[in-house]
Amino acid sequence: MKYYSTKNKGLSKSFREAVIEGLPSDNGLFMPEFIPELPEDYFDNIKEKTIQEIAFDILQPFVKEDLDDLQLKKIVEKTFSFELPIKKIEGDNYALELFHGPSYAFKDVGATFLALCLEEFYKEAEEKCTILVATSGDTGGAVASAFSKVKNIEVVILYPSGKVSDLQEKQLTTFDKNVKALEVEGDFDDCQQLVKKAFLDSDLRKQLNISSANSINVARFLPQMVYYFAPFIKFGKEPLTIAVPSGNYGNLTAGLIAQKMGLPVRQFVAAANSNDVVPRFLIDGNYDPKPTVQTISNAMDVGNPSNFQRMIDLFDEKEIREKIKGFAFSDEATLEAMKTVYREHEYLLDPHGAVGYLALKEYLNASDGISILLETAHPCKFMDVVSKIISDDIYPAGAKELMQKEKKSVKMKVDYKQFKEFLVG
Ligand SMILES: *Cc1c(COP(=O)(O)O)cnc(C)c1O
């Protein structure tokens, strides 16, 4: 498989090159040159497969020139080592819980897969690699945890000061060796812009091997296809409606690729908070990004989602409108949904899952069959909100330990010069 840039179809990079470079130098995003199709009978015995087996089948065509079967097998076994429970909320409506990994969010899948790929690629290399990552909340924790176990790779995490939860902050500021946190006095888009600027800085790139761990890296993005198969292990090949709480749209775009491979998705429902650029696009075909708005589902606070470039690369406008229904909800509605679902169904949604739940409700008709909501984070990551609903202690043991640790971060203005100095130090 070769990878091109959304800005230049003529570019042809290997998986390894695309992963290491993170972002093409023309400011586009890497895309696989084609989407392989699964054999027609693939879903006949899907109930007998394990998620690791599926992960291997799905990802192998995308990586096989650079990772042999044994390497890939080891990587997917480690990546998909935590449970993916499917819990009933009400009737035919289920939550697929993607938050049982080390940082309690679905991003553990992509971050772990990326870290393990880079570990393989840098195993014999002399020089070191520095990973730059901007986070609106959950990416940082997943990346920090995934890379804290990997050798020869430095990680620098940029996060918006005061805009992430306490547990999220601890998840990215409590590692001491190869993982460093920069607390930026700005919002997520500022962090993302600083990272993008670094990638376009040829002088910096001469001095440092930099790579990205944002959802824009293909090694983070592609493995996210895999858990979309989990509901089919439970329910068989019946088409399902799937709601995806979305911010930078990496998760949903991975789902769209899984569908293109043959996953029988009846309908994708994109769920947004007040950062509603994609739902608005689905209404009038106008892509009109706005500055980021801060919400209680902060991992989705993205005003100008990077992966939109991938969506329009995969499909034309009409296809996008057919494949995705999009809805946006206010914080008030989100909180209300969390309360109602907890009261009536004893299921505790986190604010992101709650936005997904609302979107499903808005879209679904009674006859639509089984629907799945991707529960993207553990509610304990958002206690400032969740404590309005429940007073019980819901922290897993690992999270409690983490909360006791001391925060270590470097404060920084939105200033590229300062950022660069920190990097080349
Ligand atoms: C990152 C994140 C999202 C948004 O995912 P995208 O791939 O950026 O659309 C949703 N929910 C949670 C909890 C997240 O951490």
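Since the structure is predicted, the reported quantities are computational estimates derived from the model, not experimental observations.

Colleague: I'd love a proper account of the nonpolar core, names of residues and values included.
Modeller: Among the nonpolar cores identified, the biggest contains 103 residues, and F15, F147, M225 and F229 are the most heavily contacted of them. A total of ten residues in this core trace back to one element, the largest contributor, which is helix α4 (residues 107-122). With 33 residues, the next largest nonpolar core counts L167, A243, A337 and M383 among its residues.

Colleague: Any chance you could break down the sheet that holds strand β13 (residues 371-375) for me, citing the residues and the numbers?
Modeller: Spatial strand order, β4-β5-β13-β10-β11-β12: six strands in an open sheet with mixed pairing. Both outer strands of the open sheet, β4 (86-90) and β12 (324-328), are each paired with one neighbouring strand and no more. Taken pair by pair, the neighbouring strands of this sheet meet at an average axis angle of 25 degrees, ignoring direction. Pairing of strand β10 (residues 240-245) with β13, which is carried by three bridges, proceeds in the parallel orientation.

Colleague: For helix α2 (residues 51-63), give the residues involved together with the corresponding values.
Modeller: In an α-helix, one turn spans 3.6 residues; hence positions three or four apart end up facing the same way. Counted at 1.5 Å a residue, the expected span for α2 with its 13 residues is 18 Å, and the 18 Å between its end C-alpha atoms agrees. In α2, a bend of some 25 degrees at D57 exceeds every other bend along the element, and P61, a proline, comes one to four places later. Every buried residue belonging to α2 is among I51, I54, A55, F56, I58, L59, P61, F62 and V63, and all of these are buried.

Colleague: Give me the pairing of strand β6 (residues 129-134): which residues, what numbers.
Modeller: Of all six residues in β6, six are buried, a share of seventy percent or more. Neither face of β6 is open: one carries C129, I131 and V133, the other T130, L132 and A134, and all of them are buried. Alignment of β6 against strand β7 (residues 153-160), held across six bridges, turns out to be parallel. Paired with T130 across the strands is E154, a residue of β7.

Colleague: Could you give an account of the UniProt feature "domain: Threonine synthase N-terminal" (unreviewed entry) in the protein chain, naming the residues involved and the relevant values?
Modeller: In this structure's numbering, the residues bearing the UniProt feature "domain: Threonine synthase N-terminal" (unreviewed entry) are residues 2-80. Along residues 2-80 one finds 39% helix and 15% strand; the C-alpha atoms at either end are 25 Å apart.

Colleague: Explain the site of the ligand to me, using residue names and the numbers behind them.
Modeller: The local shell around the ligand holds 15 residues, among which K107, D138, G247, Y249 and T376 are the closest. Contact between the ligand and K107: an oxygen atom at 2.5 Å from a side-chain N or O atom of the residue. In the complex, the protein chains occlude 98% of the 380 Å² of accessible area that the ligand would expose alone. Residue classes in the shell around the ligand are distributed as six nonpolar, seven polar and two charged.

Colleague: Help me get a handle on the environment of M225, residues and values and all.
Modeller: Relative to the helices and strands, M225 is located in the loop between α9 (218-221) and α10 (230-235). When the C-alpha atoms of M225 and P32 are compared, they prove to be 14 Å apart, with 193 residues separating the residues in sequence. If near-sequence neighbours (up to four positions away) are discounted, M225 is found in contact with I58, L59, F62, A254, I257, A258 and M261.

Colleague: Tell me about the pairing of β10, residues and numbers included.
Modeller: β10 sits mainly inside the fold: six of its six residues count as buried. Of the two faces of β10, the one holding L240, I242 and V244 and the one holding T241, A243 and P245 are both buried throughout. With six bridges connecting them, β10 and strand β11 (residues 265-272) associate as parallel partners. For V244, the partnering residue across the bridge sits in β11 and is A270. In this fold, the crossover linking β10 to β11 by way of helix α11 (residues 250-261) has right-handed handedness.

Colleague: Which residues make up the packing of helix α5 (residues 138-147) against helix α6 (residues 166-173), and what values go with them?
Modeller: Two quantities define a packed helix pair, namely the angle between the axes and the distance from one axis to the other. Contact geometry of α5 with α6 gives a least axis separation of 8 Å together with a crossing angle of 35 degrees. The handedness of the crossing between α5 and α6 is left-handed. Counted together, D138, G140, G141 and A144 of α5 and Q168, Q171 and L172 of α6 form the full contact between these two elements.

Colleague: Can you explain the packing of aromatic side chains? Please cite residues and give values.
Modeller: Geometrically, a pair of aromatic rings is defined through the distance of the ring centres and the angle of the planes. This model, assessed by the stated rule, comprises twelve aromatic pairs. A ring pair is formed by Y42 and F43, whose centres lie 5.6 Å apart and whose planes are at 80 degrees; its orientation type is edge-to-face. Classification of Y42 by relative accessible area gives buried; the value is 7%. Measuring from centroid to centroid gives 6.2 Å for Y416 and F419, while their planes differ by 70 degrees, and the two rings are edge-to-face.

Colleague: Kindly report on empty space enclosed by the protein, identifying the contributing residues and their values.
Modeller: All told, the structure shown has two cavities of 30 Å³ or more when counted by the stated rule. The computed volume of the largest cavity comes to approximately 260 Å³. Taken together, 24 residues line the largest cavity, and the ones lying closest to its centre are F106, K107, G247, N248 and A299. The set of elements that each furnish at least two residues to the lining of the largest cavity consists of α5 and α11. Counted by class, the lining of the largest cavity contains nine nonpolar, twelve polar and three charged residues.

Cut-offs used in this document
Residues numbered from 1 in each chain as written. Predicted model: local features only at pLDDT ≥ 70, side-chain atom pairs only at ≥ 80, totals over all residues. Heavy atoms only, no water. Core = buried A, V, L, I, M, F, W, Y, C linked by side-chain atoms within 4.5 Å. Buried < 20%, exposed > 50% of the residue type's maximum accessible area, 1.4 Å probe, protein only. Helix = DSSP H or I, 4+ residues; strand = E, 2+ residues; numbered from the N terminus. Pairing = 2+ DSSP bridges. Axes fitted to C-alpha atoms, helices over the stretch in contact; angles between N-to-C directions. Expected span 1.5 Å × (residues − 1). Bend = angle between axes of the 7 residues up to and from the residue. UniProt positions renumbered as here; feature names shortened; annotations may be inferred. Near = heavy atom within 4 Å. Polar contact = N/O pair within 3.5 Å; in protein donor to acceptor, adjacent residues only side chain to side chain. Areas by Shrake-Rupley, 256 points an atom, 1.4 Å probe, with all protein chains shown as cover. Nonpolar A, V, L, I, M, F, W, Y, C, P; charged D, E, K, R; others polar. Contact = heavy atoms within 4.5 Å. Right-handed = clockwise from strand over helix to strand, strands pointing away. Left-handed = near helix turned anticlockwise from the far one by under 90°. Phe/Tyr/Trp six-rings, centres within 6.5 Å; stacked < 30°, edge-to-face > 60°. 1 Å grid on protein atoms, 1.4 Å probe; cavity = no way out; pocket = protein on both sides within 12 Å on 5 of 7 lines; lining within 4 Å. Points joined across faces, edges and corners; volume = space filled by probe spheres on them.

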